[in-house]
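Notes for the structure review
Listed here are the chains, written in short residue letters.
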Amino acid sequence: MNKDDTVIGELSEQELRELIPQLQNLTDKYKRAEKIQKALFEISELASSVSSLDRLYKAVHGIVSDFMNADNFYVAFFDPTDKNVDFAYFVDELDEEVISLVPYERIMDGITGYILKNGKSLVITKENTESVLEQTGIQMLGTPPVDLIGVPLKRNAEVIGAMVVQSYNDDVRYSPDDFEVLSFISQHIVTTVDRVKSREVTERTIRDRTKQLRSINDDLQEEILERQKIESLQTALFEISELSVSLDDDIPRFYSKLHEVLARLISAPNCFVAVLTKDKDKLTFPYLSDELHDSVDERPLGLGLTEYIIRHGEASLIDNSKILSLVEEGEVDVTVAQNMMEHNNSWLGAPLIIDGEVQGVIAVQTYGKLEKYTQKDLEILRFVSHHIAVAMERRRSAEALKEYNLQLTNKVQERTEELNQTNEYLKKQIEQRKEIELKLIHDAHHDALTDLPNRVMFNSRLELAIANKKRHTENKFAVLFIDLDRFKVINDTLGHHAGDEFLVEVSQRILLCKRGHDLLARLGGDEFVILLDNFEDIKAVEEVASRVINSVSIPFMLDGKEMFSGASIGITHLDDNYMSADEVLRDADAAMYHAKSLGRGRYVTFDKSMREKLLGDIQLESEFRRTLREKGFDCILQPVVKLEDESVLYFECTLQWHNESFGKINREQFWQIAEQCGLTLELNQFLLDGAIGLLGQWHNDAEHAGQRIGVSLSVEHLMKKDLVDELIANVKESAFDTEKLLLEFSESALSNRSQYILPSIKKLKRHGFGLILDNFGSGTASLNYLFSYPFDFVKIDERFIQSFTRSEKNLRFIESVILVAEKVGLIVIAEGVSSKSKLESLKGLGCEYGQGDILGSTILLDFVDDDS
């Protein structure tokens, strides 16, 4: 016994049973390899034994059939320069008769084209057909196979063809081994084909040369020449036909290619196509290639050569001799004849006839004596023109069909997307409803922007605290009512998006200031509240309030800009007298307003006097709203005069309010109430309507004709584009000129808002309004306002006028303003002139205009109702 026998003898029966299939599989692989080697030898032998390619392909088909079912088998070769796919061998149970009818473009979009273009093998089964077509963009031509294997035929690295085997029978399926065999055979078949083809070409060349030597004579040469012409004509017709079905080129390129084809048949240095319009009363020229003209415009029908062809429906050769006869017969206009004779034209034209009707003309022409057309050229054009007309009509139909198919595809795609979206929506609805239920519970108790507890949740917790306080009086609770400063400014200048970012940032800062068990909530807008419990003394509450104030005072970066805010806090300590959460919040709110009135950025603990003041403020605010609604304010006209002769420059229109309960309300408190109520814009509009109405009355009043009125507006008015446009429109509709209405803007209100309001100020200036920079010096007194803004007047703030006689610094400020204003062309007005001595001093400084009680008594008027 040898060593192997010993090993086998040592194997168990179970191990032998497992080893036998492996040995059998190895034997099958050796046999298959031997069979493949034999097939390659046979292919190599075919190169010397087969005399024609047809026999070669049949022999290869037989070799492939030895390895797999190859009832459907074809070999195709590809010449990219000629754009041609040659099915050199094609055997198919179902599609053999129709393969010759498939155009090149369709073939290149199919399976064969994919292999030829990409040089990649392709395996298609009935299971993967849809995914393969979707991934590769292949269009299935002919009968879909059950299984298909396609491999490229390559010469070196260049793809020259494809070999494909396919099955239409579910019982005949291909394996990976079949793919491997076909790929292996394909690597060796090209060399064999080249050798057979080379031998065929050599034999054919010998036969052709022998035939040529035997056929040389003049008659045969003429016949060959004629045949070449016919072949050229046939080729041209074929190209024209191809152009009609190809949509790769646009319309100008289509006509240009038609011209190129025609130029190979006859001399066509100059060519044009003329087409009748739909109403058949005008000619359009979709194509023109001419030595003398770049383009021809659409024209009505007349007595031109083109119209002559259209009327008679026959091709015609027109030269200098014939043009004269056509003029005599009244067929052609004499100017056409003169132009033709001037350039010594030779002209050929043929009608484009579709469905028995002349639709247009194709014409060629030459300039000069050397090139003249003949009757033979006329016959060629007459013959070709029919095919050109058909090609044009096919092209138009193909374009229309392409557009229709595109529209149909888009509609199908849109509908499919709609259905997919609907299905997705239905699938997600159940999940969404579950999520919505959970979210509704959360949202009902939390603020949507900051995700803090909301008023509902806070009130619920506060009610529990009140109840706890009544049962356990020793327990301590406090509420901090937080209101943010300058929130409205941030909203108006940077927009609501920045305002939302600001509120979120504030909520995060306050969260870091409270203790872990305290409850922070957002009531709405810029109002936050904190419920504190379990503290030892009042200092613990005040420490939280101080941390909040310090944290909020740190600058905020919003939209790349540094913005400042602050917090005013009202504190209320719970006692057993409180019955509801609303009472606690009311008192905390009152304390917060008291903190604001003391200068903001501080906290105040509630006492009963604040409640009484809050009630008074609420009543005052209510009276203000009622008075504004009933237009119960008084109008004050205070003149701005020239200091030299006290002539009136304009009247400043302001409002005065005298209330029966509260008496006379000063101007500063007046506008503060308006701001707190959010009625600043309404008050602006009320003031504007009255001034416009008053100017309308003065327009026809000889005493006041030519007088102007100035109105002080808040900058919020400038930040509303629709309000600016409405102001311009209202004045334009009035009888007076826009220059009669002067608009005043306080310098302090312009700070940090220039980029938002400057466009509106410039727009008002363009429409003729006079512009006044009011209270100059109350803010930064920036010279930028004098140089960059289109103001006409600058009013020096009253504080400087009252003190310049005893303050050297204020005196120098006034002198500087007067000097700069003179340089930039501004008129300076001194505000608040209260004495003769100040008046004389101002005149001495070169100040021309002033305003104050000493310069003219105020005039009290009932406001003019603009609607009357």
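Residues numbered from 1 in each chain as written. Predicted model: local features only at pLDDT ≥ 70, side-chain atom pairs only at ≥ 80, totals over all residues. Heavy atoms only, no water.

**Notes on the packing of helix α14 (residues 455-471) against helix α18 (residues 581-597)**
Two numbers describe how α14 lies on α18: the axes approach to 9 Å, and their chain directions differ by 105 degrees. With respect to each other, α14 and α18 are oriented roughly perpendicular. Contact residues: α14 offers Arg-455, Phe-458, Asn-459, Leu-462, Glu-463 and Ile-466, while α18 offers Ala-581, Asp-582, Val-584 and Leu-585. For the contact of α14 with α18, the per-class residue count stands at six nonpolar, one polar and three charged. (Axes fitted to C-alpha atoms, helices over the stretch in contact; angles between N-to-C directions. Helix = DSSP H or I, 4+ residues; strand = E, 2+ residues; numbered from the N terminus. Parallel < 35°, antiparallel > 145°, perpendicular 65-115°, else oblique. Contact = heavy atoms within 4.5 Å. Nonpolar A, V, L, I, M, F, W, Y, C, P; charged D, E, K, R; others polar.)

**Observations concerning the sheet that holds strand β14 (residues 527-533)**
Strand pairs in the sheet, formed through backbone hydrogen bonds, run parallel or antiparallel to each other. An order of β13-β14-β12-β17-β18 is seen for the five strands of this open sheet, with the pairing classed as mixed. Bordering the open sheet on either side are β13 (519-524) and β18 (603-605), each of which pairs with just one other strand. Between one strand and the next, the sheet's axes are offset by a mean angle of 20 degrees, whatever the strand orientation. In the sheet, β13 pairs with β14 via five bridges, with the strands oriented antiparallel. Along β14, the bridge assignment pairs Gly-524 with Glu-527. (Pairing = 2+ DSSP bridges.)

**Comments concerning the state of the cysteines**
Two cysteines joined by a covalent bond between their sulfur atoms form a disulfide. Counting across every chain of the model gives zero disulfides. Free of any disulfide, Cys-653 has its nearest neighbouring cysteine sulfur in Cys-635, separated by 3.3 Å. (Disulfide = S-S within 2.5 Å.)

**A short note on the nonpolar core**
Grouped together as the largest cluster of nonpolar side chains are 74 residues, with contacts concentrated most on Phe-624, Leu-741, Leu-743 and Leu-764. No other element matches the nine residues that helix α21 (residues 680-699) contributes to this core. Dropping the residues within four chain positions of it, Phe-624 is found in contact with Phe-633, Trp-657, Phe-670, Ile-673, Ala-674, Cys-677, Leu-679 and Leu-683. Grouped together as the second largest cluster of nonpolar side chains are 32 residues, Ile-43, Phe-73, Ile-149 and Ile-160 included. (Core = buried A, V, L, I, M, F, W, Y, C linked by side-chain atoms within 4.5 Å. Buried < 20%, exposed > 50% of the residue type's maximum accessible area, 1.4 Å probe, protein only.)

**What to know about unusual backbone geometry**
One non-glycine residue, Asp-559, adopts positive backbone phi at about 55 degrees. Among the structural elements, Asp-559 can be located in the loop between β15 (556-558) and β16 (561-563). One non-glycine residue, Glu-646, lies in the positive phi region at around 60 degrees. Tracing the backbone through its elements, the reader meets Glu-646 in the loop between β19 (634-642) and β20 (648-659). Classification of Glu-646 by relative accessible area gives partly exposed; the value is 41%.

**Description of the packing of helix α9 (residues 251-263) against helix α13 (residues 375-443)**
Two elements in contact, α9 and α13, have axes separated by 12 Å at closest approach and are oriented at 160 degrees. Classified by the interaxial angle, the pair formed by α9 and α13 is roughly antiparallel. For the element pair α9 and α13, the recorded crossing hand is right-handed. When α9 is examined against α13, the residues Ile-251, Phe-254, Tyr-255, Leu-258 and Leu-262 are found in contact with a partner set consisting of Leu-381, Val-384, Ile-388, Ala-391, Met-392, Arg-395 and Glu-399. (Left-handed = near helix turned anticlockwise from the far one by under 90°.)

**Observations regarding the packing of aromatic side chains**
Counted under the stated rule, the structure contains 16 aromatic pairs. Plain terms: the ring middles of Phe-487 and Phe-502 are 6.0 Å apart, the flat faces sit at 25 degrees to each other, and that makes the pair stacked. With Phe-487 in helix α15 (residues 487-494) and Phe-502 in helix α16 (residues 496-513), this residue pair connects regions lying 15 residues apart in the sequence. On the basis of relative accessibility, which here comes to 0%, the residue Phe-502 falls in the buried class. Residues Phe-502 and Phe-556 carry aromatic rings whose centres are separated by 4.8 Å and whose planes lie at 70 degrees to one another, so their mutual orientation is edge-to-face. Note that Phe-502 is positioned in helix α16 and Phe-556 in strand β15, a separation of 54 residues in sequence. Summarising the burial analysis for this pair, Phe-502 and Phe-556 share the class buried. An aromatic cluster is built from Tyr-57, Phe-73, Phe-77 and Tyr-89, whose rings are joined through pairwise contacts. (Phe/Tyr/Trp six-rings, centres within 6.5 Å; stacked < 30°, edge-to-face > 60°.)

Limitation: the analysis is restricted to geometry and does not speak to function.
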